[in-house]
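So you can see what is in the structure, the chains are spelled out below.
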Amino acid sequence: MYKDCEHLELLKRRIYDEYQTIIKRLVTKGVDIDDAPDVASQVTITAVNKRDQLRDSNKLVPWLMKIADNEANAYFKAQTKLWEREISIIADMEAGEEIDVYETIADEDALVEEIVMTAIKNQMVWDLTSCLNKKEYMIFKLHNVEGYKLLEISEKYNINYDTVRSIHSRTCKKLKRRGEKLFRKEGII
């Protein structure tokens, strides 16, 4: 139905017209108001990517609401994992267990930025980033250096948002491990 460019542009306009409706639906479902625009953007990306599944253009809004419900559920699963991790960390701290800072920092980007800044200061950027493949390096550079949002990267390079988010997360973990190893070797930490 929306296969050629002209029809695809029509679909995009119709989805854009429903953007506020999608946000309201997500907030009504319980998505945090600050996260709703990001989740709504993912709804629009999913809708465009799955446009072949829309059989009747008169049912666009109910179809979008179903996609919004699915994305809200994915959001809740991700939030639940974060909350479980935070609860686990708090319980470990209260039990007096030693916490591995590199595993428990809530703000990954801040820690990775600190690692990169330390590498720059010690002229070790190549040593730090040499463990990354091209895609990891590109996503990391676009997000952490050039300031693109993960959703923008997803749209710009036509990569699934969850894939971009996953690659970025793995890249940050890789850089943390690599940075810790390099800095210990060099006596920096």
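Parameters and conventions
- Every chain's residues receive numbers from 1 upward, in the order its sequence appears when written.
- Local features in a predicted model are, by the rule used here, given only for residues with pLDDT of at least 70; side-chain atom pairs are given and counted only at 80 or more, and totals for whole chains, interfaces and linings are based on all residues.
- To obtain the side-chain values, all non-hydrogen atoms of the structure were included, while hydrogens and water were left out.
- Simply put, an axis is a line fit to the C-alpha atoms, just over the touching stretch for a helix, and the angle between two N-to-C directions goes from 0 to 180 degrees.
- Helix numbers and strand numbers start at the N terminus; a helix is a DSSP run of H or I with at least 4 residues, a strand a run of E with at least 2.
- Angles are sorted into four bins: roughly parallel if under 35 degrees, roughly antiparallel if over 145, roughly perpendicular if 65 to 115, and oblique for all others.
- Handedness of a crossing follows from how the near helix is turned relative to the far one, being left-handed for an anticlockwise turn of less than a right angle and right-handed for a clockwise one.
- Two residues form a contact once any of their heavy atoms are found within 4.5 Å.
- Polarity classes work like this: nonpolar for Ala, Val, Leu, Ile, Met, Phe, Trp, Tyr, Cys and Pro, charged for Asp, Glu, Lys and Arg, and polar for all others, with Gly in that last group.
- With a 1.4 Å probe rolled over the protein chains alone, any residue whose accessible area is under 20% of its type maximum counts as buried; one over 50% counts as exposed, and the rest are partly exposed.
- Polar contact is defined as a pair of N or O atoms within 3.5 Å, subject to the rule that within protein one atom must be able to donate a hydrogen and the other to accept it, and that residues adjacent in sequence are counted only when both atoms are side-chain atoms.
- A carboxyl oxygen of Asp or Glu within 4 Å of a side-chain nitrogen of Lys or Arg is what we treat as a salt bridge.
- pLDDT is defined as a per-residue confidence score from the predictor, taking values between 0 and 100.
- Joining through side-chain atoms within 4.5 Å is the link that ties buried Ala, Val, Leu, Ile, Met, Phe, Trp, Tyr and Cys residues into a set, and such a set is a nonpolar core.

(A) Spatial organisation of the packing of helix H9 (residues 150-157) against helix H10 (residues 161-185). Contact geometry of H9 with H10 gives a least axis separation of 9 Å together with a crossing angle of 120°. Of the possible angle classes, the one that applies to H9 and H10 is oblique. As for how H9 packs across H10, the hand of that crossing is right-handed. Contacts between H9 and H10 involve Leu150, Leu151, Ile153 and Ser154 on the former and, on the latter, Tyr161, Val164, Arg165 and His168. Residues that form the contact of H9 with H10 fall into these classes: five nonpolar, two polar and one charged.

(B) Representation of unusual backbone geometry in the model. Positioned with a positive phi, asparagine 158 is a non-glycine residue whose angle comes to about 55°. Note on placement: asparagine 158 falls in the loop between H9 and H10. Relative accessible area serves as the criterion here: at 66%, asparagine 158 is assigned to the exposed category.

(C) Representation of the environment of aspartate 162 in the model. Residue position: aspartate 162 is located in helix H10. The spacing of aspartate 162 and leucine 150 is twelve residues in sequence and 9.2 Å in space, taken between C-alpha atoms. Of the polar contacts made by the side chain of aspartate 162, one reaches the side chain of arginine 165; its length is 3.0 Å.

(D) Examining the pattern of salt bridges more closely. The tally for this structure, following the rule as stated, stands at five salt bridges. Across the pair arginine 25 and aspartate 69 runs a salt bridge, and its minimum N-O distance is 2.9 Å. Taken as a pair, arginine 25 in helix H2 (residues 19-29) and aspartate 69 in helix H4 (residues 60-94) lie far apart in primary sequence, 44 residues in all. By relative accessible area, aspartate 69 is classed as buried at 12%. For arginine 165, the salt bridge identified is with aspartate 162, shortest N-O distance 3.0 Å. Within this pair, arginine 165 and its partner aspartate 162 are both found in helix H10, separated by three residues, close to a single helical turn. Taken together, the shared-partner salt bridges in this structure form one network comprising Arg25, Lys29 and Asp69.

(E) Quick look at the confidence of the model for the protein chain. A residue-level look at the protein chain finds 73% of positions with pLDDT of 70 or above and a mean pLDDT of 77. Considering each helix and strand of the protein chain separately, the mean pLDDT is smallest for helix H5 (residues 101-104), with a value of 46, and largest for H9, with 89. Overall, residues 101-107 carries pLDDT values under 50, and its contacts beyond four positions in sequence, including any with other chains, amount to ten contacts.

(F) Molecular detail of the nonpolar core. Judged by nonpolar contacts, the single largest core of 23 residues is most densely connected at Ile22, Leu26, Val31, Trp63 and Leu64. Of all elements in the fold, only helix H1 (5-17), H2, helix H3 (36-49) and H4 reach the threshold of two or more residues within this core. A total of eight residues in this core trace back to one element, the largest contributor, which is H4. Ranked by size, the runner-up nonpolar core spans ten residues in total, among them Ile139, Leu142, Ile159 and Val164.

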